[in-house]
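Spelled out, the chains give:
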Amino acid sequence: MAFVTRFAPSPTGPLHLGHAYSAILAHDIARAQGGQFLLRMEDTDLDRCRPEYEAQITRDLTWLGLTWDGPVHRQSDHLAAYNARLDPLSDLLYPCSCTRSDIRAALSAPQEGILHNVYPGTCRPRGMQSRLPGDALRLNLAAALQRLDPASLRFTETGPKHAGSHLIDPEQALRDIGDVVLSRKGEDIVAYFLASALDDADQAITHVIRGEDLFAFTPIQVILQHLLALPTPTYHHHRLIRDNHGKRLAKRDDARALSKYRAEGATPGDIRQMVGL
Ligand SMILES: [Zn+2]
């Protein structure tokens with residue numbers, strides 16, 4: 001059976017040890033399986049993503065000795081196409097003009113398993129005909145779940161912490177995830193959840209290998225996969241590399257940027273050792 005996985009950083013800063021762990025792990029598993037390792041830039045947040053960070057990411061990965069198959073897939077090249085994929089779901093969507101910060105938060109991958117506040121549904125009664133330029137589109141999750149067979153909403157996890165088969169609990173999804181933002185069409189913006197689900201299908205990803213902080217958001221991706229008739233890959237959520245205080249490394253921690261270790265004379269082997277690989 002084919003094995004295809006990906007490393008999907010957002011070019012909003014330099015790679016640090018946590019990214020190195022994720023990339024090396026996915027790369028090594030793919031190569032051990034005789035499979036493919038793809039590189040995807042999750043650069044839908046056009047304000048924060050920079051070409052120079054993308055260049056630095058590919059430089060860092062090359063330095064680590066990683067090779068990827070095919071060209072780099074850049075999400076910003078496909079924004080209009082992602083939006084078009086929402087058309088069949090239009091009866092499950094509604095326009096929302098609530099705060100920009102809430103909508104912006106939907107563009108980036110969530111961190112530490114915390115989604116910004118679950119949306120209270122203020123704009124849910126609005127019909128699509130009331131849509132104004134700049135409005136976001138939210139998924140009416142309750143209506144979406146009613147359309148799906150609950151027994152089909154499952155995924156297989158192979159990571160250390162949650163290994164096994166997971167059935168999605170619709171009540172919990174409504175409580176924990178709610179009506180997520182999927183896009184803001186006028187500005188050709190799409191949410192992380194949507195772009196990632198579409199790309200995994202378009203790139204024929206069989207195994208998603210990523211940090212444990214994203215485990216809690218697998219249910220919304222599986223729900224989107226079913227709504228859009230996409231396959232569900234196998235998921236593998238790995239441990240996070242933390243700093244000495246137990247905090248997840250963030251891109252702002254430039255002190256732990258790979259390029260800094262490299263400048264200080266570290267070898268790729270040292271990096272592998274530092275992250276326990
Ligand atoms: Zn709203």
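Residues numbered from 1 in each chain as written. Predicted model: local features only at pLDDT ≥ 70, side-chain atom pairs only at ≥ 80, totals over all residues. Heavy atoms only, no water.

Regarding the overall build of the protein chain
Move 1: From N to C terminus, the protein chain includes 10 helices and 11 strands.
Move 2: Counting contacts in the protein chain only where the partners sit at least 6 residues apart, residues at least 24 apart contribute 80% of the total.
Move 3: Approximately 12300 Å² of the protein chain is accessible, and the part contributed by carbon and sulfur atoms is 52%. (Helix = DSSP H or I, 4+ residues; strand = E, 2+ residues; numbered from the N terminus. Contact = heavy atoms within 4.5 Å. Areas by Shrake-Rupley, 256 points an atom, 1.4 Å probe, with all protein chains shown as cover.)

Quick look at the nonpolar core
Move 1: One finds Leu139, Leu182, Ile220, Ile223, Leu224 and Leu227 to be the most contacted residues of the largest nonpolar core, which totals 41 residues.
Move 2: Looking at this core, the elements with two or more residues in it are helix H3 (79-84), strand S5 (136-139), helix H5 (141-147), helix H7 (192-202) and helix H8 (218-227).
Move 3: Counting residues per element, this core draws most heavily on H7, at six residues.
Move 4: The contacts of Ile223, once residues within four sequence positions are left out, are Leu141, Leu145, Leu148, Leu153, Ile168 and Ala173.
Move 5: Leu25, Ala26, Ala30 and Ile209 belong to the second largest nonpolar core, which has 25 residues in total. (Core = buried A, V, L, I, M, F, W, Y, C linked by side-chain atoms within 4.5 Å. Buried < 20%, exposed > 50% of the residue type's maximum accessible area, 1.4 Å probe, protein only.)

Details of the packing of aromatic side chains
Move 1: Evaluated as defined, the whole model comprises four aromatic pairs.
Move 2: For the ring pair Phe155 and Tyr235, a centre distance of 5.7 Å and an interplane angle of 80° mean the geometry is edge-to-face. Remark: Tyr235 occurs in strand S11 (residues 234-238) and Phe155 occurs in strand S6 (residues 154-157); sequence separation between them is 80 residues.
Move 3: Among the aromatic residues, those joined into a ring-pair cluster are Phe155, Phe215 and Tyr235.
Move 4: Above the ring of Tyr119, the side-chain terminus of Arg138 is found at 3.4 Å from the ring centroid.
Move 5: In this structure, Arg239 packs its charged tip against the face of Tyr21, placed 4.4 Å from the ring centre. (Phe/Tyr/Trp six-rings, centres within 6.5 Å; stacked < 30°, edge-to-face > 60°. Lys NZ or Arg CZ within 6 Å of the ring centre and 35° of its normal.)

Digging into the packing of H7 against H8
Move 1: It is at 9 Å that the axes of H7 and H8 come closest, and there the two elements cross at 60°. It follows from the interaxial angle that H7 and H8 lie oblique. Both H7 and H8 take part in a crossing whose hand is right-handed. Within the contact between the two elements, H7 uses Phe193, Leu194, Ser196 and Ala197 and H8 uses Ile220, Gln221, Leu224 and Gln225.
Move 2: Grouping the constituent residues of the contact of H7 with H8 by class yields five nonpolar, three polar and no charged. (Axes fitted to C-alpha atoms, helices over the stretch in contact; angles between N-to-C directions. Parallel < 35°, antiparallel > 145°, perpendicular 65-115°, else oblique. Left-handed = near helix turned anticlockwise from the far one by under 90°. Nonpolar A, V, L, I, M, F, W, Y, C, P; charged D, E, K, R; others polar.)

Some remarks on the coordination of the zinc ion
Tetrahedral coordination by four donors sets the ideal angle at the metal to 109.5 degrees; octahedral coordination by six donors sets it to 90 or 180 degrees.
Move 1: In the first shell of the zinc ion, the protein supplies Cys96 (SG), Cys98 (SG), Tyr119 (OH) and Cys123 (SG), at 2.1 to 2.3 Å from the metal.
Move 2: Considering all four donor atoms around the zinc ion, angles at the metal cover 92 to 123° and the coordination shape is tetrahedral.
Move 3: Spacing between the donor residues of the zinc ion along their common chain follows C-x1-C-x20-Y-x3-C. Of the two residues, Cys98 is situated in the loop between strand S4 (93-96) and helix H4 (100-105) and Tyr119 in the loop between H4 and S5; the sequence distance between them amounts to 21 residues. (Donors = N, O, S within 2.8 Å, 3.2 Å for Na, K, Ca; no water. Tetrahedral: all angles 85-135°; square planar, octahedral: opposite > 155°, others 65-115°.)

Let's talk about the pairing of S6
Move 1: Only one face of S6 is buried: it carries Phe155 and Glu157, and the other face, with Arg154 and Thr156, is open.
Move 2: Summarising the sheet, S6 and strand S7 (residues 164-167) pair through four bridges and their orientation is antiparallel. Along S7, the bridge assignment pairs Thr156 with Ser165.
Move 3: Hairpin connection of S6 to S7: six residues between the antiparallel strands. (Pairing = 2+ DSSP bridges.)

Here we look at the pattern of salt bridges
Move 1: Counted by the stated rule, this structure contains 16 salt bridges.
Move 2: In this structure, Lys260 engages Glu264 in a salt bridge whose closest nitrogen and oxygen atoms are separated by 3.4 Å.
Move 3: Connected through salt bridges with shared partners, the residues Arg6, Arg40, Glu42, Asp199 and Asp200 form a single ionic network. (Salt bridge = Lys/Arg side-chain N within 4 Å of Asp/Glu carboxyl O.)

Side note on the sheet that holds strand S1 (residues 4-7)
Move 1: Sheet architecture is open: three strands sit in the order S1-S2-S3, paired in parallel fashion. Across the chains shown, the open sheet's two edge strands, defined by having one partner strand only, are S1 and strand S3 (73-74).
Move 2: Bridging between S1 and strand S2 (residues 36-41) involves four bridges; their strand directions are parallel. The residue of S2 that forms the bridge with Val4 is Gln36.
Move 3: Across the face of the sheet, helix H1 (residues 17-32) comes into contact with S1 and S2 while running at roughly 150° to S2.
Move 4: Set on the sheet, H7 makes contact with S1, S2 and S3; between it and S2 the angle comes to about 150°.

Structural measurements only, silent on function.
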